[in-house]
Amino acid sequence: MEQMRYHCGEKMAQRDNVKPDTVAGVPDSGIAHAVGYANESGIPFSRPFIKYTPTWPRSFMPTIQSKRNLIAKMKLLAVDELIKDKSLLLIDDSIVRGTQLRETTEFLYQSGAKEVHIRPACPPLLYGCKYLNFSRSSSEMDLITRRIIERLENGNVTKETLAEYADPESEKYEQMVEEIRKELNFTSLRFNRLDDMLDATGLDHCKLCTYCWNGKE
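Residues numbered from 1 in each chain as written. Predicted model: local features only at pLDDT ≥ 70, side-chain atom pairs only at ≥ 80, totals over all residues. Heavy atoms only, no water.

Concerning the packing of helix α1 (residues 2–15) against helix α2 (residues 31–41)
Selection criterion: Axis lines are fitted through C-alpha atoms, for helices just across the contact stretch, and the angle between N-to-C directions can take any value from 0 to 180 degrees. Only runs of H or I of at least four residues qualify as helices and only runs of E of at least two qualify as strands under DSSP, and these elements are numbered from the N terminus. Angle categories: roughly parallel below 35 degrees, roughly antiparallel above 145, roughly perpendicular from 65 to 115, and oblique for all the rest. When the near helix sits turned anticlockwise from the far one by under a right angle, the crossing is termed left-handed; a clockwise turn instead gives a right-handed crossing. Pairs of residues are marked as contacts when any of their non-hydrogen atoms sit within 4.5 Å. Here the term charged refers only to Asp, Glu, Lys and Arg, the term nonpolar to Ala, Val, Leu, Ile, Met, Phe, Trp, Tyr, Cys and Pro, and the term polar to all other amino acids, Gly among them.
Look at α1 against α2: their axes get within 6 Å of each other, and the N-to-C directions meet at 45°. On the basis of the axis angle, α1 is oblique to α2. α2 is crossed by α1, and the crossing has right-handed handedness. Where α1 abuts α2, its residues E2, R5, Y6, C8, G9, E10, M12, A13 and Q14 lie against A32, H33, V35, G36, Y37, N39, E40 and S41. A class-by-class count of the residues in the contact of α1 with α2 yields 7 nonpolar, 6 polar and 4 charged.

Now the structure itself:
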């Protein structure tokens, strides 16, 4: 898993064109991605915040959103010298609802960051997982992607429409990403591509579930 995350970061760097001061990963799952990105791009890796984990559960576990937000906030401790007046590129493993990453971004701005570029290490999540229920979502409308798509399509969302939004080469995909960026107040936003992420595993693609990204079972 560590090697797969490293390769994901490496592949994201190969497709990117921003030049921040440093690259950082959201602790802990984003760190290996950030190291891979930093080594491939030549942009220095740093740890502008650290995570205090004793006594705190995983922040996505509680069913109450306010409690998830509190845990995520209490875990992060800023290192001001690595944030103030810096342009940061931040890698998280995913964006689900968007709430926690928006909070983290605001936390960095409040700590003096000049820019915050966000690079999720997996593609946009378009379908709620019906196998593991990992995201703890009670509805697919909990996903920020689906709320944005619903708005862009004026409520007329079909399976064919969702397939267009899943295509990183499409205009609809670019629209969706830009709307997410604006809503969450990121300087820039670029998701990892599904083909790159699958290649990073080193496994046959047919052995991997991609339902939450493209609806294919």
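Quick word on the pairing of strand β1 (residues 22–25)
The two faces of a sheet get side chains in turn, since along a regular strand they alternate between them. Under the convention used in this document: Each residue is assigned to one of three classes by its accessible area relative to the maximum for its type, calculated with a 1.4 Å probe on protein chains only: buried under 20%, partly exposed between the two thresholds, exposed over 50%. DSSP calls a pair of strands paired once it identifies at least 2 bridges connecting them.
By the alternation rule, side chains of β1 split into T22 and A24 and V23 and G25, which are all buried. Examined bridge by bridge, β1 and strand β4 (residues 87–91) share 4 bridges and lie parallel to one another. Counterpart to A24 in the pairing with β4 is L90.

Focus on the sheet that holds strand β6 (residues 188–189)
In space, the 4 strands of this open sheet follow the order β1-β4-β5-β6, with parallel pairing throughout. Where the open sheet ends on each side, the last strands, each with one partner, are β1 and β6. Bridging between β4 and strand β5 (residues 115–118) involves 4 bridges; their strand directions are parallel. Along β5, the bridge assignment pairs L89 with H117. Sheet strands touched by α2: β1 and β4. Its angle to β1, the strand with the most contacts, is close to 155°. Where helix α4 (residues 99–110) meets the sheet, it contacts β4 and β5, and its direction lies at approximately 155° from that of β5.

So, to be careful, I would describe these as geometric facts and stop short of saying anything about function.
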